[in-house]
Amino acid sequence: MHELLPPSRSDRFRSVGLIVGLLALFALISALVNDDASVTVVAAEPSVDGSTEGDVAPAGPLDGEFLISGSSTVYPIVLEQAEAFSDANDGVAISVEGPGSGDGAQKFCNGEVPIANASRLYKQQELEICEANGIEYIELRRGIDGITVISSPANDRIECLSFNDLYALISEEASGFDSWADANALTSLWDGTAFPDVALDVYGPGEESGTFDSFGEIVIEGVAKGKTGLDTESRDFVTSIRPDYTSSPDDNVILQGIGASDYSIGWVGFAFAKEAEEAGAAKLVQVAKEDGGLCVSPTEETIASAAFPIARFLYTYVNANAAANDPAVIAFVDYMMSDEGLDAVSSAGYINLADSDQLRAQAIWVNRVSGPAWD
Amino acid sequence: MTMTEFAITAGVKAASGTGANDVFTVDGLNVFYGDHHAVSEVDLAVKEREITAFIGPSGCGKSTVLRCFNRMNDLIDIARVEGTVRYHGVDLYDEAVDPVAVRRRIGMVFQKPNPFPKSIFDNVAYGPRVGGRKGNLDEVVERSLRSAGLWDEVKDRLSESALGMSGGQQQRLCIARAIAVNPDVLLMDEPCSALDPIATGVIEELMKEIQSEYTIIIVTHNMQQAARVSDRTAFFTAEIDERSGQRRGKLVEFEETGTIFSNPGDERTEAYVTGRFG
Amino acid sequence: MHDRQTVSLDSLRARRGDDAAGHVFFLLITAAVGLAFFIVAAVGVDVVVEAWDILANRLWDFLASPSSADEAKSGVSQGIRGSALIAAFVILTFPAGVGAAIYLEEYADDTWLSRLIQVTVRNLAGVPSIVYGLLGVAVFVKGLDGLTGGRSVIAAGLAIAVLVLPVIVITAGEALRAVPTPLREGAYGLGATQWEVIRTQVLPAALPGILTGTVLGVARALGEAAPLLVIGAVGFYTTGNQDFVEQLRGAFTALPMNIANYARLPAETWRGHAAAASFVLLVLVFLINLVAIVVRARISKRLGR
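Residues numbered from 1 in each chain as written. Chains lettered and ligands numbered in written order. Predicted model: local features only at pLDDT ≥ 70, side-chain atom pairs only at ≥ 80, totals over all residues. Heavy atoms only, no water.

1. Comments concerning the overall build of chain A
Helices and strands together make up the secondary structure of chain A, namely 16 helices and 11 strands. Looking at chain A as a whole, 51% of its 375 residues are labelled buried. A separation threshold of at least 6 residues defines the contact pool for chain A, and within that pool the share at least 24 residues apart is 74%. Roughly 16,200 Å² of accessible area belongs to chain A as shown, and the carbon and sulfur atoms make up 52% of that amount. (Helix = DSSP H or I, 4+ residues; strand = E, 2+ residues; numbered from the N terminus. Buried < 20%, exposed > 50% of the residue type's maximum accessible area, 1.4 Å probe, protein only. Contact = heavy atoms within 4.5 Å. Areas by Shrake-Rupley, 256 points an atom, 1.4 Å probe, with all protein chains shown as cover.)

2. Quick notes on the overall build of chain B
Tallying secondary structure elements over chain B gives 11 helices and 10 strands in all. What you see for chain B is a C-alpha radius of gyration of 19 Å, in line with the 19 Å of a compact globule of 278 residues. Projected onto its principal axes, the C-alpha coordinates of chain B cover approximately 55 × 45 × 40 Å. Among the 278 residues that make up chain B, the fraction classed as buried is 54%. Counting contacts in chain B only where the partners sit at least 6 residues apart, residues at least 24 apart contribute 69% of the total. When the accessible surface of chain B is split by element, carbon and sulfur atoms take 46% of a total near 11,700 Å². Once the 31 positive and 41 negative side-chain charges of chain B are each reduced to a mean point, those two points are 4 Å apart. (Rg over C-alpha atoms; globule rule 2.2 N^0.38 Å. Lys, Arg positive; Asp, Glu negative; His and termini not counted. Charge placed at Lys NZ, Arg CZ, Asp CG, Glu CD.)

3. A word on the interface of chain B and chain C
Counting residues at the interface gives 23 residues for chain B, matched by 19 residues for chain C. Taken as a group, Pro117, Tyr126 and Val130 of chain B account for 29% of the area that chain B buries against chain C, more than any other trio of residues on that side. Our count for the chain B to chain C interface comes out at two salt bridges. A salt bridge links Arg104 of chain B to Glu196 of chain C; its shortest N-O distance comes to 3.9 Å. Joining chain B to chain C, the criterion identifies four residue pairs in polar contact (both at pLDDT 80 or more). Grouping the constituent residues of the side of chain B that touches chain C by class yields 14 nonpolar, four polar and five charged. (Buried area = accessible area lost by both parts, 1.4 Å probe. Salt bridge = Lys/Arg side-chain N within 4 Å of Asp/Glu carboxyl O. Polar contact = N/O pair within 3.5 Å; in protein donor to acceptor, adjacent residues only side chain to side chain. Nonpolar A, V, L, I, M, F, W, Y, C, P; charged D, E, K, R; others polar.)

4. Regarding the state of the cysteines
All names here are of chain A. Here the structure, examined in full by the defined rule, presents two disulfides over all chains. In this model Cys109 forms its disulfide with Cys130; the gap between the sulfur atoms is 2.0 Å. Because the torsion about its S-S bond is -75°, the bridge between Cys109 and Cys130 counts as left-handed. A residue pair is termed long-range when its members are at least 10 positions apart, and Cys109 in helix H5 (residues 101–109) and Cys130 in helix H6 (residues 124–132) qualify at 21 residues. For the pair formed by Cys109 and Cys130, the shared burial category is buried. For Cys160, the disulfide goes to Cys295, at an S-S distance of 2.0 Å. Since a negative S-S torsion denotes a left-handed disulfide, the Cys160-Cys295 link at about -95° is left-handed. In this pair, Cys160 is assigned in strand S5 (residues 160–162) and Cys295 in the loop between strand S10 (286–288) and helix H12 (300–304), connecting sequence segments 135 residues apart. (Disulfide = S-S within 2.5 Å.)

5. With respect to the confidence of the model for chain A
Residue and element names in this part refer to chain A. Averaged over all residues, the pLDDT of chain A is 82; the fraction at 70 or higher stands at 84%. Confidence, read as mean pLDDT per element, is least for helix H2 (residues 37–44) in chain A (34) and greatest for strand S3 (residues 115–118) (95). Note that pLDDT drops below 50 for residues 1–13; the model gives that stretch 22 contacts with residues more than four away or on any other chain. Considering only residues more than four positions removed or in separate chains, one finds that residues 32–59, a stretch of pLDDT under 50, has 26 contacts. (pLDDT = per-residue confidence, 0-100.)

6. Overview of the nonpolar core
Core analysis: the biggest nonpolar cluster contains 231 residues, and Phe108, Phe332 and Val333 of chain A together with Phe24, Leu44, Phe69 and Leu145 of chain B have the highest contact counts within it. The contact partners of Phe24 of chain B, leaving out residues within four places of it in the chain, are Leu44, Ala45, Val46, Phe69, Val85, Arg86, Tyr87, Leu92, Ile106, Val185 and Ile217 of chain B. The next biggest cluster of nonpolar side chains, apart from the first, holds 43 residues, and it includes Ile144, Ile158, Tyr167 and Ile303 of chain A. (Core = buried A, V, L, I, M, F, W, Y, C linked by side-chain atoms within 4.5 Å.)

7. Concerning the sheet that holds strand S9 (residues 232–240) of chain B
Strands pair in a sheet through their backbones, by hydrogen bonds, and they do so in one of two ways: parallel or antiparallel. Residues and elements named next belong to chain B. One open sheet holds the 10 strands; their spatial order is S5-S4-S1-S2-S10-S9-S3-S8-S7-S6, and the pairing between them is mixed. Strands at the two margins of the open sheet, each flanked by one partner only, are strand S5 (90–91) and strand S6 (106–109). Inspection of the sheet shows strand S2 (residues 36–47) paired to strand S10 (residues 247–256) by two bridges, in the parallel sense. Along S10, the bridge assignment pairs Ser40 with Lys250. (Pairing = 2+ DSSP bridges.)

8. A few points about the confidence of the model for chain B
Residue and element names in this part refer to chain B. A residue-level look at chain B finds 92% of positions with pLDDT of 70 or above and a mean pLDDT of 87. Scored below 50 in pLDDT, residues 1–19 makes 19 contacts in the model with residues more than four places away or belonging to other chains. Both confidence scores are given for the complex: pTM 0.75, ipTM 0.87.

9. Looking at the packing of aromatic side chains
As enumerated under the stated definition, the model contains 22 aromatic pairs over all chains in all. Each ring, one from Phe212 of chain A and one from Tyr245 of chain A, has its centre 6.4 Å from the other, and the planes form 20°; the classification is stacked. Of this pair, Phe212 of chain A sits in helix H9 (residues 210–224) while Tyr245 of chain A sits in the loop between H9 and strand S7 (246–247), placing them 33 residues apart in sequence. Side by side, Phe212 of chain A and Tyr245 of chain A carry an identical accessibility label, which is buried. Here a set of aromatic residues connected by ring pairs shows up, and it is made of Phe24, Phe54, Phe69, Tyr87 and Phe236 of chain B. (Phe/Tyr/Trp six-rings, centres within 6.5 Å; stacked < 30°, edge-to-face > 60°.)

10. Some details on unusual backbone geometry
The phi dihedral of Arg368 of chain A is positive, around 55°, even though this residue is not glycine. With a phi close to 55°, Arg71 of chain B is a non-glycine residue in the positive phi region. For Arg71 of chain B, the location among the structural elements is in the loop between helix H2 (62–66) and strand S4 (79–87).

11. What about the pairing of strand S8 (residues 264–269) of chain A?
Residue and element names in this part refer to chain A. Across the six residues of S8, six count as buried, placing the element largely inside the fold. Relative to S8, strand S4 (residues 137–151) is paired through four bridges, and the arrangement is antiparallel. Along S8, the bridge assignment pairs Ile147 with Gly269. Pairing of strand S6 (residues 201–204) with S8, which is carried by three bridges, proceeds in the parallel orientation. From the neighbouring strand, Asp201 faces S8, where its bridge partner is Ser264.

12. Here we look at the packing of helix H4 (residues 75–88) of chain A against helix H15 (residues 339–347) of chain A
Residues and elements named next belong to chain A. Here H4 crosses H15 at 145°, and the two axes come no closer than 8 Å. As for the relative orientation of H4 and H15, their crossing is right-handed in sense. In this structure, H4 contributes Ile77, Glu80 and Gln81 to the contact, and H15 contributes Gly341, Leu342, Ala344, Val345 and Ser347. Taken together, the residues that form the contact of H4 with H15 break down as four nonpolar, three polar and one charged. (Axes fitted to C-alpha atoms, helices over the stretch in contact; angles between N-to-C directions. Left-handed = near helix turned anticlockwise from the far one by under 90°.)

13. Quick word on empty space enclosed by the protein
For the coordinates displayed, the defined rule picks out three cavities of 30 Å³ or more. In this model, the largest cavity occupies a volume close to 70 Å³. As for the largest cavity, its lining consists of Ala101, Leu104, Glu105, Gln118, Val121, Arg122, Val169, Ile170, Gly173, Glu174 and Arg177 of chain C. Contributions of two or more residues to the lining of the largest cavity are made by helix H2 (77–107), helix H3 (112–125) and helix H6 (153–177) of chain C. At five residues, the largest contribution of residues to the lining of the largest cavity is made by H6 of chain C. Partitioned by chemical class, the residues of the lining of the largest cavity number five nonpolar, two polar and four charged. Here the second largest cavity is characterised by a volume of approximately 60 Å³. What lines the second largest cavity is simply Tyr75 and Leu79 of chain A together with Ser67, Ser68, Gly235, Asn258, Asn261, Tyr262 and Leu265 of chain C. Contributions of two or more residues to the lining of the second largest cavity are made by H4 of chain A together with helix H11 (255–264) of chain C. The class makeup of the residues in the lining of the second largest cavity is four nonpolar, five polar and no charged. (1 Å grid on protein atoms, 1.4 Å probe; cavity = no way out; pocket = protein on both sides within 12 Å on 5 of 7 lines; lining within 4 Å. Points joined across faces, edges and corners; volume = space filled by probe spheres on them.)

14. Some thoughts on the pattern of salt bridges
Under the counting rule described, the total for this entry stands at 32 salt bridges over all chains. Across the pair Glu185 of chain C and Arg67 of chain B runs a salt bridge whose closest N-O atoms are separated by 2.8 Å. Taken together, the positions of Glu185 of chain C in helix H7 (residues 181–189) and Arg67 of chain B in the loop between H2 and S4 put the pair across two chains. Judged by relative accessible area, Arg67 of chain B falls into the buried class, the value being 13%. Residues joined by salt bridges that share partners form a network here, namely Arg120, Lys123, Glu126 and Asp213 of chain A.

15. Here's the deal with a nonpolar patch on the surface
Residues and elements named next belong to chain C. A surface patch of nonpolar side chains, amounting to about 490 Å² of accessible area, comprises Leu35, Phe38, Ile39, Val43 and Leu282. Ranked by residues supplied to the nonpolar patch, first place goes to helix H1 (residues 20–64) with four residues. Structurally, Leu35 can be placed in helix H1. (Patch = residues over 30% accessible without salt bridge, like charges linked within 9 Å, V, L, I, M, F, W, Y side chains within 5 Å.)

Next up, the structure:
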């Protein structure tokens, strides 16, 4: 008699099992690969956790969790500080993101984060949200970022630009200019800088960026407000940046654009520009505040001494309530404002404050002075 | 379910009680697909243990009528059936009747062999399994395959995929599969139209052999086939509806097969069976 | 009757210009295939070249280390973990997606309501992922923060699962629809109930297609960056004393976020990290697709096709 084979019903479901199994394995491996000691610590020594919770002794290791948000410019500084801090305080869960100064302000003033960084002072409407939500803040200046005007390394005709030249090239009045010579129509109104007739490609960060805001405020608004000696009485100047430039939130994309065209022009933070120059990817253009004024190259020294005219301060906002009550936040800001913590500013490519500002910032923190402290 | 089983069993008893050997009695059957009136006013009776053939040109509604016998038309959302189809006296379209129970008693073999993408064994065992039979199905499978004349060809490769068989073998497997649930009736919808003449001959012989146990209704395009195998033949034709321009199937004549082919009562039947039309 | 014809060989030769359009089309599609292959190869080569320093010298360290300010130590372990958890959430929605597809394809009557649902599902599959990020913030971060803990991997996983769900429903639905009618009729004809037909015939036959759709969904989920940005994947985090559940409810990151963060860091030396993280993501997606292909082939073979 022939042996009838048993049916194989469950066979096809083995494949489903295979997929689920593989994904589970994937998850497991990544959990193991993950170095977060606490995963294994919790599994191996649950008593450690239990005892610290039961123990009210203040002498125990620091515990807590918080998120730092805000400027992507300041992110590299905070990343370094947060890492060094958590190496010394492994009980604190600390996280850092850098969505931008404005996003950070929104989260900070809604009470979502105790610490937020900014590449500019908070605007009035942002502070109003803070006020509406009863958020008191401590405003700490912590470093300087020079905004650097860059061009292609192949650009052999442009060495130095004045604020007025930048206005003629990048302000809203320059909309539609696709040759440097087009800007001569504007410069002829004042000193008559004559640009060559070569293609003008403009690159810069997008509106969400603090670098965009700062460049507009320092350069374009500076010109419009007569700070560069132009007659603002008899002629109206705009305060905004031309809309028809190529924008990107990613500075590396801007640098790529800059390198792609011989007579490109753009603006980025000093740290990016310096790296790009060292890598041969960009040329740093000297800047003079006034027509015919001193052309200054952006360097650590010229930015720190304010000789380089386009520079901005970097800030950190700390929730005053957290600064009074949250031991983890207090410990972190203590470290951040310490001389050791402040080394991160220069190692991240930015410029440390002059000593007087440094001491003042440290004093504001130590005394927990809340409200606007800088201008 | 139990209620339906009861209803059908009662029907069988009632039918045998009257001495009538009609398996199906169809009265005033009309089938609609949405707005399309596909089949109109069919009346016929199918006798037990006979082979009844439905013939006629394409679009005459013969398959549609066949699919009313096991409520296969239920699977088409827009299909609607009017009139009565009695199975051993029970109205198949009664609200209490479960189409699933109907199909267990009235099996079907389709135009194109449609074995499941499973082993030969699992194909035959499928019906008994979904019917709730547990345990060893070896015997059922062997008996069904023997009935379908397939056992000797496949007994050594029962675990192989049914899709590896020839077209004729596949169709006989489908017959075996239908037999395995021990039905009362087999509906065959042009079972040989995808087969070569040799395979067709095998199937026809098979039908003759199993006729002693099953009532068979076969739809066929092939008049010789109807003449060879069937006891009775129903000739359908399609009329064009004057208002809608749609084809509407209609039963022209239903007689003993010999009569249909040698002495048809309707001239349309004669025209068709002599090859002058269709 | 025809007259006897003389046939010359020339009359049977291909005439010039015959099927010229066909030749042009063939050239065009060959060029398209070549271009597609070239682009994929160029991306792959570019990523590997940029990432070579890390891949060659510290691949395991890179895979096993969290992000750091120190270029020599920074890695993507937290990103892998986050992406794996997000993928797990997508897997969890698989039954819901397939169930919805079964309902829509097999059970729902063809009414205006079921059509509306079908159209809506299709539209949802085309909604930009950033919108799902915003939905995630509103529903999972804000609305259900008691469950998700706010800007957590749970919120991100749920948002991305919702994003992938329509894709699963559509591909599963198409796979179900592609199951041949004779197969269904054969089973119905043997007295199978609707559920038996679906369970024993339709689902097994549709399984390769369903799995392929799901795997493509998972692969898409792994690559999504926009919803993570909105929901708040961070660049750096430590877990401190958090237990496993607290970690699930706490700060998180994922591979696309690692890539974005590395790409935004100033120093040129971070380019290699961005490329290496991209490489890891590409390899993962490739592996998942490979699994899909293997599983599909195995099931198809088992079904004898």
